[in-house]
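# Survey of secondary and tertiary structure
For reference, the chains in residue letters:
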Amino acid sequence: MIMTDTHVKHSIEESLTRAISYQEYRTLVQNLVAEGKSTGELQTEALSNYSMLNDKRMKRLDKTTKLTEEAVAEIKSYNGDVTWLVLTESWCGDAAQTMPVINKVAALNDNITMKVVLRDENEALMNEFLTNGGKSIPKLIAIDNASGNVIGDWGPRPTKATQLVNDYKAAHGKLTPEFKQDLQVWYNKDKGQNTVADLLKLV
């Protein structure tokens, strides 16, 4: 296990005091959507629309996400003691597609506790876990509860989706609205299986 920098540990401890459960996060998003809002200080029509769409996605995925027998057995056999701290915001499309899957995995083993914090309220922590210099979310930080050390992290997308994004950026320079639509189609077809495969590497 790699020793985690004291500064990083402090940022994690600070964020954990603000962390909520996945169920509390789902309630928060539902309540905000009912008011035409999103998480975060910046409130725009676009962000509230994304949040509304994501709330529907998460509601569907909470019901429909299924794990293979092999994955279930592997998760249940894990005997570590960890917290999966996830940085997110309600308007993030990748988060809506993966957080229900993370929750399904964590719920299978009492040794895995999923906690949720909002990115923009936890800037110090987010800055310790940037992706290519950016504050990409969702970002899952796996913390060993006994030592407080970070034993792994994941995000902002499953590996296959990351490859699709990187390939498209290399060919076109930036992500277009059409590509983002195609990415959602990929998520729908994948049904969370690539995310599960990635998460199994953390257990």
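The following refers to the structure shown. (Residues numbered from 1 in each chain as written. Predicted model: local features only at pLDDT ≥ 70, side-chain atom pairs only at ≥ 80, totals over all residues. Heavy atoms only, no water.)

For the rest of this paragraph, the subject is the sheet that holds strand 4 (residues 150-154). Reading across the sheet, the four strands line up as 2-1-3-4 and stay open at both edges, with mixed pairing between neighbours. Edge positions in the sheet fall to strand 2 (112-118) and strand 4, since each has one partner strand and no second. Between one strand axis and the next, the sheet turns through 20° on average, direction left out of account. (Pairing = 2+ DSSP bridges. Helix = DSSP H or I, 4+ residues; strand = E, 2+ residues; numbered from the N terminus. Axes fitted to C-alpha atoms, helices over the stretch in contact; angles between N-to-C directions.)

Right, let's get into unusual backbone geometry. Ile 137 connects to Pro 138 through a cis peptide bond whose omega is 0°. Relative to the assigned elements, Pro 138 resides in the loop between helix 6 (123-128) and strand 3 (139-144). Even without being glycine, Asn 132 reaches a positive phi, approximately 50°. Relative accessible area serves as the criterion here: at 80%, Asn 132 is assigned to the exposed category. (Buried < 20%, exposed > 50% of the residue type's maximum accessible area, 1.4 Å probe, protein only.)

Counted as a void, the largest pocket has a volume near 850 Å³. Residue lining of the largest pocket: 30 residues in total, with Gly 93, Asp 94, Arg 157, Leu 175 and Lys 180 positioned closest to the centre. Among the elements of the structure, helix 3 (45-64), helix 5 (93-107), helix 7 (159-172) and helix 8 (177-190) are those that each provide at least two residues to the lining of the largest pocket. Among the elements that make up the lining of the largest pocket, the one with the highest residue count is helix 8 (six residues). Class assignment for the residues of the lining of the largest pocket results in 12 nonpolar, 11 polar and seven charged. (1 Å grid on protein atoms, 1.4 Å probe; cavity = no way out; pocket = protein on both sides within 12 Å on 5 of 7 lines; lining within 4 Å. Points joined across faces, edges and corners; volume = space filled by probe spheres on them. Nonpolar A, V, L, I, M, F, W, Y, C, P; charged D, E, K, R; others polar.)

A few words on the environment of Ile 143. Of note, Ile 143 is situated in strand 3. Classification of Ile 143 by relative accessible area gives buried; the value is 4%. Here the alpha-carbon distance between Ile 143 and His 10, two residues 133 residues apart in the chain, equals 13 Å. With residues near it in sequence (within four places) discarded, Ile 143 still touches Ile 12, Asp 81, Val 82, Thr 83, Leu 85, Gly 148, Asn 149 and Val 150. (Contact = heavy atoms within 4.5 Å.)

Attention now goes to the environment of Ala 19. You can see Ala 19 is positioned in the loop between helix 1 (6-16) and helix 2 (22-34). Note on Ala 19: relative accessible area 17%, which makes it buried. A sequence separation of 95 residues divides Ala 19 from Met 114, and the C-alpha atoms of the two residues are 9.5 Å apart. In this structure, Ala 19 is in contact with Leu 85, Lys 115, Val 116 and Val 117, ignoring residues within four places of it in sequence.

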